[in-house]
Amino acid sequence: MSLREVYRQLNFFEQCRKNRIGLWQCPIFLFVLIGLIIIGTMLGIYFIANKYTQSPEMVALIILAVTAFLMVVGYSVVQGFNRLVEVNKMKSEFVSVASHQLRTPLTSLKWSLDMLLSGRLNDSWEYQLEQLKIAKENNQRMIDLVNDLLDVSRIEDNSLGLRPERVNLLDLVQNLISKYAFLAKASNVSLVLEAEEDLSADKWEIFVDPKRIKLAIDNLINNAVRYIHGGGMVKIRLKNNKNKSVRCEIEDNGVGVPKKEQKYIFQKFFRSQNIMKYQTEGTGLGLFIAKAVVEASGGKIGFQSQEGKGSTFWFELPIKSKT
Amino acid sequence: MKTILFIEDEPTLQKTVGQVLEQEDYEIKSALDGEIGLQLAKKEKPDLILLDLILPKLDGFRVLEELKKDEMTKNIPVIVLTNLESEADVERAMELGATTYLVKANYELEEVITKIKQVLSS
Ligand SMILES: Nc1ncnc2c1ncn2[C@@H]1O[C@H](COP(=O)(O)OP(=O)(O)O)[C@@H](O)[C@H]1O
Ligand SMILES: [Mg+2]
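Residues numbered from 1 in each chain as written. Chains lettered and ligands numbered in written order. Predicted model: local features only at pLDDT ≥ 70, side-chain atom pairs only at ≥ 80, totals over all residues. Heavy atoms only, no water.

Per an unreviewed UniProt entry, chain B goes by Response regulatory domain-containing protein.

Where an unreviewed UniProt entry is consulted, chain A appears under the name histidine kinase. Recorded in UniProt for chain A, the comment headed Catalytic activity (unreviewed entry) runs: "ATP + protein L-histidine = ADP + protein N-phospho-L-histidine." (UniProt positions renumbered as here; feature names shortened; annotations may be inferred.)

Engineer: Give a detailed account of the overall build of chain A, specifying residues and quantitative values.
Structural biologist: Within chain A one finds nine helices and seven strands. Here the C-alpha radius of gyration of chain A, 28 Å, is well above what a compact globule of 323 residues would show, namely 20 Å. Across chain A, the fraction of contacts at a sequence separation of at least 24, relative to all contacts at a separation of at least 6, is 68%. Averaged over its 42 positive side-chain charges, chain A has a centre that lies 5 Å from the centre of its 33 negative ones. (Helix = DSSP H or I, 4+ residues; strand = E, 2+ residues; numbered from the N terminus. Rg over C-alpha atoms; globule rule 2.2 N^0.38 Å. Contact = heavy atoms within 4.5 Å. Lys, Arg positive; Asp, Glu negative; His and termini not counted. Charge placed at Lys NZ, Arg CZ, Asp CG, Glu CD.)

Engineer: Lay out the domain arrangement of chain A with the relevant residues and their values.
Structural biologist: As far as domains go, chain A holds domain 1 (1–87), domain 2 (100–155) and domain 3 (165–316). Relative to domain 2 of chain A, the C-alpha centre of domain 1 of chain A lies at a distance of 53 Å. (Domains from an automatic or database assignment.)

Engineer: Mind laying out the sheet that holds strand β7 (residues 310–318) of chain A, listing which residues take part and the relevant values?
Structural biologist: Residue and element names in this part refer to chain A. Pairing is mixed across the open sheet formed by five strands, whose spatial order is β2-β4-β5-β7-β6. Each edge of the open sheet carries a strand with a single partner, namely β2 (189–195) and β6 (300–306). Direction aside, neighbouring strands of the sheet carry axes that sit 15 degrees apart on average. Relative to β2, helix α6 (residues 169–186) is tilted by about 165 degrees, and along the sheet it contacts β2, β4 (232–241), β5 (245–252) and β7. Across the sheet, helix α9 (residues 286–296) is in contact with β6 and β7; its angle to β6 comes to roughly 140 degrees. (Pairing = 2+ DSSP bridges. Axes fitted to C-alpha atoms, helices over the stretch in contact; angles between N-to-C directions.)

Engineer: Could you give an account of the packing of helix α1 (residues 11–23) of chain B against helix α5 (residues 109–121) of chain B, naming the residues involved and the relevant values?
Structural biologist: Residues and elements named next belong to chain B. With their axes 11 Å apart at the nearest point, α1 and α5 run at an angle of 55 degrees to one another. Regarding the angle of α1 to α5, the classification is oblique. The two elements α1 and α5 cross, and the hand of that crossing is right-handed. On the side of α1, the interface is formed by T16, V17, V20 and L21, while α5 contributes L109, I113 and I116. Its residues placed into classes, the contact of α1 with α5 shows six nonpolar, one polar and no charged. (Parallel < 35°, antiparallel > 145°, perpendicular 65-115°, else oblique. Left-handed = near helix turned anticlockwise from the far one by under 90°. Nonpolar A, V, L, I, M, F, W, Y, C, P; charged D, E, K, R; others polar.)

Engineer: For the UniProt feature "modified residue: 4-aspartylphosphate" (unreviewed entry) in chain B, give the residues involved together with the corresponding values.
Structural biologist: Residue and element names in this part refer to chain B. As recorded in UniProt, the feature "modified residue: 4-aspartylphosphate" (unreviewed entry) lies at D52. Secondary-structure assignment places D52 in the loop between β3 (48–51) and α3 (60–69). Each residue touching D52, except ones within four places of it in the same chain, is listed here: I7, E8, D9, G60, L81, T82 and K104.

Engineer: Lay out the nonpolar core with the relevant residues and their values.
Structural biologist: Core analysis: the largest hydrophobic core is formed by 52 residues, its most contacted members being A:L169, A:L191, A:I221, A:V234, A:I236 and A:F315. By residue number, the principal contributor to this core is α6(A), which donates eight residues. Those residues in contact with A:V234 that sit more than four places away from it in its chain are A:V189, A:S190, A:L191, A:V192, A:A224, A:V225, A:I228, A:I250, A:E251 and A:D252. Of all hydrophobic cores here, the second largest spans 23 residues; its members include B:I7, B:L38, B:V63 and B:A98. (Core = buried A, V, L, I, M, F, W, Y, C linked by side-chain atoms within 4.5 Å. Buried < 20%, exposed > 50% of the residue type's maximum accessible area, 1.4 Å probe, protein only.)

Engineer: Would you mind going over the interface of chain B and chain A in detail, with residue names and values included?
Structural biologist: Counting residues at the interface gives 27 residues for chain B and 25 residues for chain A. Overall, the association of chain B and chain A removes approximately 2400 Å² of surface from exposure, summing both partners, and the carbon and sulfur fraction of that is 51%. On the surface where chain B and chain A come into contact, there are five salt bridges. A salt bridge links B:E85 to A:R103, with the shortest nitrogen-to-oxygen separation between them at 3.4 Å. If you look at where chain B meets chain A, you find 16 residue pairs in polar contact (both at pLDDT 80 or more). It is α1(B) that provides the largest number of residues to the side of chain B that touches chain A, a total of eight residues. When its residues are assigned to classes, the side of chain B that touches chain A shows 12 nonpolar, six polar and nine charged. (Buried area = accessible area lost by both parts, 1.4 Å probe. Salt bridge = Lys/Arg side-chain N within 4 Å of Asp/Glu carboxyl O. Polar contact = N/O pair within 3.5 Å; in protein donor to acceptor, adjacent residues only side chain to side chain.)

Engineer: Tell me about the UniProt feature "domain: Response regulatory" (unreviewed entry) in chain B, and please be specific about residues and values.
Structural biologist: UniProt marks residues 3–119 of chain B with the feature "domain: Response regulatory" (unreviewed entry), using the numbering shown here. Structurally, residues 3–119 of chain B comprises 46% helix and 20% strand, and the distance from its first C-alpha atom to its last is 13 Å.

Engineer: Describe the UniProt feature "transmembrane region" (unreviewed entry) in chain A, with residues and values.
Structural biologist: With numbering aligned to this structure, UniProt lists the feature "transmembrane region" (unreviewed entry) at residues 21–48 and 60–81 of chain A. The span residues 60–81 of chain A is 100% helix and 0% strand, and its two end C-alpha atoms sit 31 Å from each other.

Engineer: Give me the lowdown on the site of ligand 1, citing residues and values where you can.
Structural biologist: Residues and elements named next belong to chain A. In the vicinity of ligand 1 there are 20 residues, among which Y227, R271, S272, T283 and L287 approach most closely. Residue T283 places a main-chain N or O atom 2.8 Å away from an oxygen atom belonging to ligand 1. Note that an oxygen atom of ligand 1 is positioned 2.9 Å from one of the backbone N or O atoms of G284. Protein coverage of the free-state accessible area of ligand 1, which is 540 Å², stands at 97%. Breaking the shell around ligand 1 down by element, the ones donating at least two residues are α7 (210–226), α9 and β7. Considering every element that reaches the shell around ligand 1, the biggest residue donor is α7, with three residues. Among the residues making up the shell around ligand 1, the classes are represented as nine nonpolar, eight polar and three charged. (Near = heavy atom within 4 Å. Areas by Shrake-Rupley, 256 points an atom, 1.4 Å probe, with all protein chains shown as cover.)

Have a look at this one:
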């Protein structure tokens, strides 16, 4: 181990920064701090005890105060470790997402190409076409995943770079509904729009980055349709809140989110247990990105859900005032 | 004709590998999740099982465990065909009785076929 390596190991500022946690949450730093406090206190107590031998209460009080302080620091250490564990969990989740979700389409793509190159399909153009379609589909899956991962890293260093323009939310939602018509039908799900009677354009005019918002809503509809087990109903509702904001609700009667997992739902890479049981495809990035985009556009997002009954995801975006 | 059961939740892989194996004159049974895979294994008693590890309903490790517990299925060779590659996963699968462990992304399609033939002829 070179001297520089030793220095790097000991440099806890560096260590803490590398783990992306604050100094006051960083166990390595806190341990050093505790050590210093203990040494300081020992010395202090020695001198004080020497000087105030007549008033032991005073010494006891000081020791009590220091102990209390150490306990607070100790508590932070524990918290810091929890935080570290979480950071590491996220890292290993990233590795597992990358190894499974990225390599699955990579393998399909590779084997399709192997198949085409092997000459095994030389006498059937139909089979060749099929393999080309598989290759293309999986190429798209990889592009989507890489885009999601890039979005996540942009969100994390606040460089999402939204390009807002006037967007009609109603159009956008109708668009997505027709995109999902096929999947919905194939999964035996009826997908309906319930908008207020007044469909005049300016009621739904918002000022957002169309591409990003579309992706966010796409994710919500995708989840609603996919996380219904064996058919059901997805209702999309649009509401205009006194021309100040629009609210969109996506209600499904699907599998729902177990109560104890609800607080994690918007975390990146999180996927609930009841979903993992029958749907292995997914990254747990959709909601994380949707929330970041909605919030960066000045809006709010949330949901209610009951396991086995269904979920309603909603978001609100401010209406662009006429100026 | 020898029968191969392919337990894999990715339909495109089912299709590609299935096509090749049919060309090679094997009979293919396919299962898209662990539960159905296990049922088919017991019903069809295939000569070989290709098993993915990340599977809906019942993961591959559990399937392997159940297969090895049952007198009827415990002698069927199992090739694990997955994209998990941590040492712990490989070790666990081998301990549970897998015959071979192949990481999909590291193999050409033809190499997989060769392995399958090898296992079937040994
Ligand atoms: N409509 C829904 N019904 C039930 N569970 C949902 C729904 N939407 C999201 N979830 C839960 O939230 C998790 C995270 O969703 P998301 O970020 O879109 O990732 P992914 O869909 O790739 O798993 C899902 O895995 C699922 O557990
Ligand atoms: Mg999703």
